[in-house]
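Working through the structure, step by step
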Amino acid sequence: MEVLSIAVFYFYRMIKVTEDIQLRAVLSSDTATLFTVMKEIYASAYSHFWTDKGDWYVNTQYSKEPILKELSEENSENYFILFKGEIIGNFRIIWDEKLAGLSEEKQVKLHRIYLYQKTQGNGIGKKLLSWLDEKAIKKDYNIIWLDAMNEQQQSFQFYEKLGYTYHSHVF
């Protein structure tokens with residue numbers, strides 16, 4: 001009896017933001033990749049906040065179970081950010097996530113935008129937020145909001161330069 005071999009193919013649907021920047025959906029099979037990416041990105045940006053260099057945070061937020069839970073959330077979109085075909089970060093938005101104190105009905109939360117430090121300063125974040133703004137307008141959303149650590153002044157300045165307005169503090 002002859003055994004037939006069957007080739008299996010797959011295709012990642014990419015969202016083209018610019019010629020060099022694409023978004024690729026994070027799949028349930030990508031949990032290990034996302035964990036590795038975040039371990040590298042988070043440690044270089046935030047390790048000074050933690051005595052363990054951020055290991056506890058990354059382990060609790062980016063291990064398999066929390067990521068699978070996030071991926072199953074109905075109104076969330078989770079992406080790897082690719083620059084010239086290479087994964088350089090991750091991007092997560094949550095549609096209809098409400099910010100307390102704002103009466104606007106249609107809100108979207110920019111939950112996460114992380115880039116490797118070596119790629120920062122190239123306009124990638126700005127282009128991603130412009131893409132999100134266009135997407136929100138098409139869906140009739142008037143508010144895009146996010147949380148940013150006040151210890152990261154570079155982040156504050158980045159968002160303010162793009163027209164974001166300070167709303168409140170959470171402790």
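Residues numbered from 1 in each chain as written. Predicted model: local features only at pLDDT ≥ 70, side-chain atom pairs only at ≥ 80, totals over all residues. Heavy atoms only, no water.

1. Concerning the pattern of salt bridges
Side chains that carry opposite charge are capable of pairing whenever their charged atoms lie near each other. Considering all chains together, one arrives at 10 salt bridges under this definition. For arginine 24, the salt bridge is made with aspartate 30, and the minimal N-O distance between the two is 3.0 Å. Comparing arginine 24 with aspartate 30 shows no difference in burial state: the two are buried. Aspartate 55 is the partner of lysine 39 in a salt bridge, and the nearest nitrogen-oxygen pair spans 2.8 Å. Of the two residues, lysine 39 is situated in helix H1 (residues 31-46) and aspartate 55 in helix H2 (residues 55-62); the sequence distance between them amounts to 16 residues. Using a relative accessible area of 33% as the deciding quantity, one classes aspartate 55 as partly exposed. (Salt bridge = Lys/Arg side-chain N within 4 Å of Asp/Glu carboxyl O. Buried < 20%, exposed > 50% of the residue type's maximum accessible area, 1.4 Å probe, protein only. Helix = DSSP H or I, 4+ residues; strand = E, 2+ residues; numbered from the N terminus.)

2. A closer look at the packing of aromatic side chains
Evaluated as defined, the whole model comprises 11 aromatic pairs. Aromatic side chains tyrosine 159 and tyrosine 164 sit 5.7 Å apart centroid to centroid with 70° between the ring planes, which places their arrangement in the edge-to-face category. Across this residue pair, the class does not change: tyrosine 159 and tyrosine 164 are buried. Feature note: the residues Tyr42, Trp50, Trp56, Tyr57, Tyr62 and Tyr114 constitute an aromatic cluster, connected by ring pairs. Across from the ring centre of tyrosine 116, 5.6 Å away, lies the NZ or CZ of lysine 118, which sits over that ring. (Phe/Tyr/Trp six-rings, centres within 6.5 Å; stacked < 30°, edge-to-face > 60°. Lys NZ or Arg CZ within 6 Å of the ring centre and 35° of its normal.)

3. So, the confidence of the model for the chain
Residues of the chain with pLDDT of at least 70 account for 94%, and the chain-wide mean is 88. No element of the chain has a lower mean pLDDT than helix H5 (residues 153-161), which averages 82, and none a higher one than strand E2 (residues 21-25), which averages 97. (pLDDT = per-residue confidence, 0-100.)

4. Some details on the pairing of strand E3 (residues 76-83)
Sheet faces and side chains relate simply in a regular strand, where the side chains alternate between the two faces. Most of E3 is tucked away: 7 of the 8 residues are buried. Bridging between E3 and strand E4 (residues 86-95) involves 8 bridges; their strand directions are antiparallel. Opposite asparagine 78, over in E4, you have arginine 92 as the bridge partner. Here E3 folds back onto E4 in antiparallel fashion, the turn holding 2 residues, of which lysine 84 has a positive phi close to 55°. (Pairing = 2+ DSSP bridges.)

5. As for the pairing of strand E6 (residues 143-146)
Of the pairings in the sheet, the one linking strand E5 (residues 107-115) to E6 comprises 4 bridges and is parallel in character. Bridge pairing links glutamine 107 to isoleucine 143 in E6.

6. As for the sheet that holds E5
One open sheet holds the 6 strands; their spatial order is E1-E2-E3-E4-E5-E6, and the pairing between them is mixed. Each edge of the sheet is formed by a strand with only one pairing partner; in this case those strands are strand E1 (14-16) and E6. For this sheet, the mean inter-axis angle between neighbouring strands, taken without regard to orientation, is 30°. Contacting E3, E4 and E5, H1 crosses the sheet at an angle of about 95° to E4. (Axes fitted to C-alpha atoms, helices over the stretch in contact; angles between N-to-C directions. Contact = heavy atoms within 4.5 Å.)

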